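Tertiary structure, described
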Amino acid sequence: MLKKRSLLALTVLVIASIVLTACGGGADEPGEGAGSAEELAVGIVLPTKDEPRWIQDETRFRNALDEAGYEAEILFSQGSSAKEKENVEALLTKDVQVLIICPHDGTAAAAAAEAAEEAGVDVISYDRLIRDTEAVDYYVTFDSVQVGAQQAQYLVDRAEGTGNPLYLYAGAASDNNAFLFFRGAWQVLQPKIADGTFEVVNSDEAVALSDKAELTREEESRIIGQVTTNWDFNVAKNLAESNLTAAPAEQKGDVFILAPNDGTARAIADAFAADDDVTDYVITGQDAEKASVQYIIDGKQSMTVLKDVRNLVQDAINAAVALLEGNEPEATGSYDNGAKDVPAIQSEVVAVDEDNVQEALIDSGYYEADEFENLP
């Protein structure tokens, strides 16, 4: 329920304007899109405008709130924990009652969450978990471990024989989700690395730990430290090119690539496609970004994991409304953030490749068919 708030304050305010803070963009006029006598006291902070995923989230938050008759102020932190805290402090001065935060750095965001707690504001950690603080009330997320498991299973299902070259890539070491994705993938891949189905090419830490089914966070960190893309397209491409330069021809040929998300997958795929010693590749992704869906249709990316942002956004809005009404959102699990077990509201994920792209993404209404060329 609302912290330190009177239930007389249940009338709602999602602050009126989409503020494009990082890129200096203009804001919508106050009152635009309003359709309800009630206003929702929620502020939303997203990590960056530089990745398509978060632009999609911004759009869907706006649409969901418009449909509900509320307005929103969505602030972007542009990859800066300091800017993220400034954004939170700015929203607190406007008397928001619930904050939805997707942190840039899960540990650094603890300070912002604690500032909100001190102000009596409920905190919903969105998609990425805020770590090492008790000032997090709920975590709205996809089943991140399952994302990694589905990526890894896709690779396993397509591997034959032994000695298949496996290239591992991960997200940012500052993002707790990167650990959860990798953990899910390792649980599936490790037995197949241990039995010789796969040969890890680009991480001697993974090779050294290949007989260990469950890794500590410190061990995960050692591997991720070698294969991190930092969720950056250029970092991913440069790392892939460096890995390919260092690898002999016998570690190329038909290769298998664990890529953490769609943006990095496209960058990595381009690097592998340009190497003459790579004859074929299977590469994973996640987020079902439009560009990667087209890559899948064109045979440049093997799969993605659909995390239906419509569901995640709605879960976040539903949780915020429940808190404003003095109720407790219904949790379906929990995640240890290092300081507490945070109640979690989890959405399902779906593996998508060329065989089910029509059903999963077009027939479901997630995208329109005319947004793509040469749909199967």
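Residues numbered from 1 in each chain as written. Predicted model: local features only at pLDDT ≥ 70, side-chain atom pairs only at ≥ 80, totals over all residues. Heavy atoms only, no water.

1. Focus on the overall build of the protein chain
Looking only at helices and strands, the protein chain has 12 helices and 13 strands in total. A burial count over the protein chain gives 56% of its 376 residues as buried. Sequence-distant contacts in the protein chain: of pairs separated by 6 or more residues, those separated by 24 or more amount to 73%. Carbon together with sulfur atoms contributes 44% to the accessible area of the protein chain, which is approximately 15000 Å² in total. (Helix = DSSP H or I, 4+ residues; strand = E, 2+ residues; numbered from the N terminus. Buried < 20%, exposed > 50% of the residue type's maximum accessible area, 1.4 Å probe, protein only. Contact = heavy atoms within 4.5 Å. Areas by Shrake-Rupley, 256 points an atom, 1.4 Å probe, with all protein chains shown as cover.)

2. Some details on the pairing of strand β12 (residues 341-347)
The pairing of strand β5 (residues 138-142) with β12 spans four bridges and is parallel. Of the residues in β12, the one forming a bridge with Y139 is A344. With four bridges connecting them, strand β11 (residues 333-336) and β12 associate as antiparallel partners. Among the inter-strand pairings, S334 is bridged to a residue of β12, identified as P343. With antiparallel pairing between neighbouring strands as the criterion, β11 and β12 make up a hairpin whose turn holds four residues, including G338 at a positive phi of roughly 95°. (Pairing = 2+ DSSP bridges.)

3. Side note on the environment of T264
With respect to the helices and strands, the residue T264 is situated in helix α9 (residues 262-273). Once residues lying within four places of it in the same chain are set aside, the contact partners of T264 are T229, W231, D232, F233 and A236.

4. Focus: the packing of aromatic side chains
Using the criterion set out here, one finds eight aromatic pairs in the structure. Look at F198 and F256: their rings are 5.4 Å apart centre to centre, the planes differ by 70°, and that puts the pair in the edge-to-face class. One end of the pair, F198, is in strand β7 (residues 198-200); the other, F256, is in strand β8 (residues 253-258), and 58 residues separate them in sequence. Judged by relative accessible area, which is 2%, F198 ranks as buried. Judged by centre distance (5.4 Å) and plane angle (75°), the ring pair of Y367 and F372 falls under edge-to-face. You can call F372 buried: its relative accessible area is 8%. Site record: aromatic cluster; members linked through ring pairs are Y366, Y367 and F372. The cationic tip of K49 hangs over the ring face of F76; the distance from NZ or CZ to the ring centre is 4.5 Å. Sitting over the ring of Y366, R60 keeps its end group 4.5 Å from the ring centre. (Phe/Tyr/Trp six-rings, centres within 6.5 Å; stacked < 30°, edge-to-face > 60°. Lys NZ or Arg CZ within 6 Å of the ring centre and 35° of its normal.)

5. Some thoughts on the environment of W186
Summarising the element assignment, W186 is placed in helix α5 (residues 176-194). The class of W186 is buried, set by a relative accessible area of 3%.

6. Here's the deal with helix α2 (residues 81-92)
Taking 1.5 Å per residue as the helical rise, α2 with its 12 residues ought to reach 16 Å, and the 17 Å between its terminal C-alpha atoms agrees with that figure. Of the positions making up α2, those classed as buried are E84, N87, V88, L91 and L92. Along α2, the residues classed as buried sweep out an arc of 135° about the axis, all on the same side. Check the buried side of α2 and you find it contacts β1 (42-46), β2 (74-76), β3 (98-101) and α3 (110-118). By the N-cap criterion, in which a side-chain oxygen at the helix start approaches the backbone nitrogen of a residue two or three places on, α2 is capped by S80, the distance to A82 being 3.4 Å. (Expected span 1.5 Å × (residues − 1). Arc of directions from axis to C-beta. Polar contact = N/O pair within 3.5 Å; in protein donor to acceptor, adjacent residues only side chain to side chain.)

7. Points about the packing of α5 against helix α7 (residues 217-227)
Across the interface, α5 lies against α7 with an axial gap of 11 Å and an inter-helix angle of 95°. Put simply, α5 runs roughly perpendicular to α7. Contacts between α5 and α7 pair N176, A178, F179, F182, R183 and W186 from the former with R217, E220, S221, I223 and I224 from the latter. When grouped by side-chain class, the residues that make up the contact of α5 with α7 number six nonpolar, two polar and three charged. (Axes fitted to C-alpha atoms, helices over the stretch in contact; angles between N-to-C directions. Parallel < 35°, antiparallel > 145°, perpendicular 65-115°, else oblique. Nonpolar A, V, L, I, M, F, W, Y, C, P; charged D, E, K, R; others polar.)

8. As for the sheet that holds β5
As a general point, the strands of a sheet are linked pairwise by backbone hydrogen bonds and lie either parallel or antiparallel. Pairing is mixed across the open sheet formed by seven strands, whose spatial order is β2-β1-β3-β4-β5-β12-β11. Edge positions in the sheet fall to β2 and β11, since each has one partner strand and no second. Averaged over all pairs of adjacent strands, the angle between strand axes in this sheet comes to 25°, irrespective of strand direction. Note that β1 and β2 share three bridges and pair parallel. Across the sheet, the residue bridging to L46 is F76, located in β2. Of the strands in this sheet, β1, β2 and β3 touch α2, which is tilted by about 170° from β1.

9. Digging into the side chain of E220
Relative to the elements of secondary structure, E220 occurs in helix α7. A relative accessible area of 2% places E220 in the buried class. Filtering out sequence-adjacent residues up to four positions away, E220 remains in contact with F179, R183 and L215.

10. Digging into the nonpolar core
In terms of nonpolar packing, the biggest core is built from 76 residues, with F61, Y126, L166, L168, L189, F198 and L361 touching the most fellow members. By size, the runner-up hydrophobic cluster in this structure holds 24 residues, among which are V88, V96, L129 and L180. (Core = buried A, V, L, I, M, F, W, Y, C linked by side-chain atoms within 4.5 Å.)

Fair warning: the whole summary comes from geometry, so function is off the table for now.
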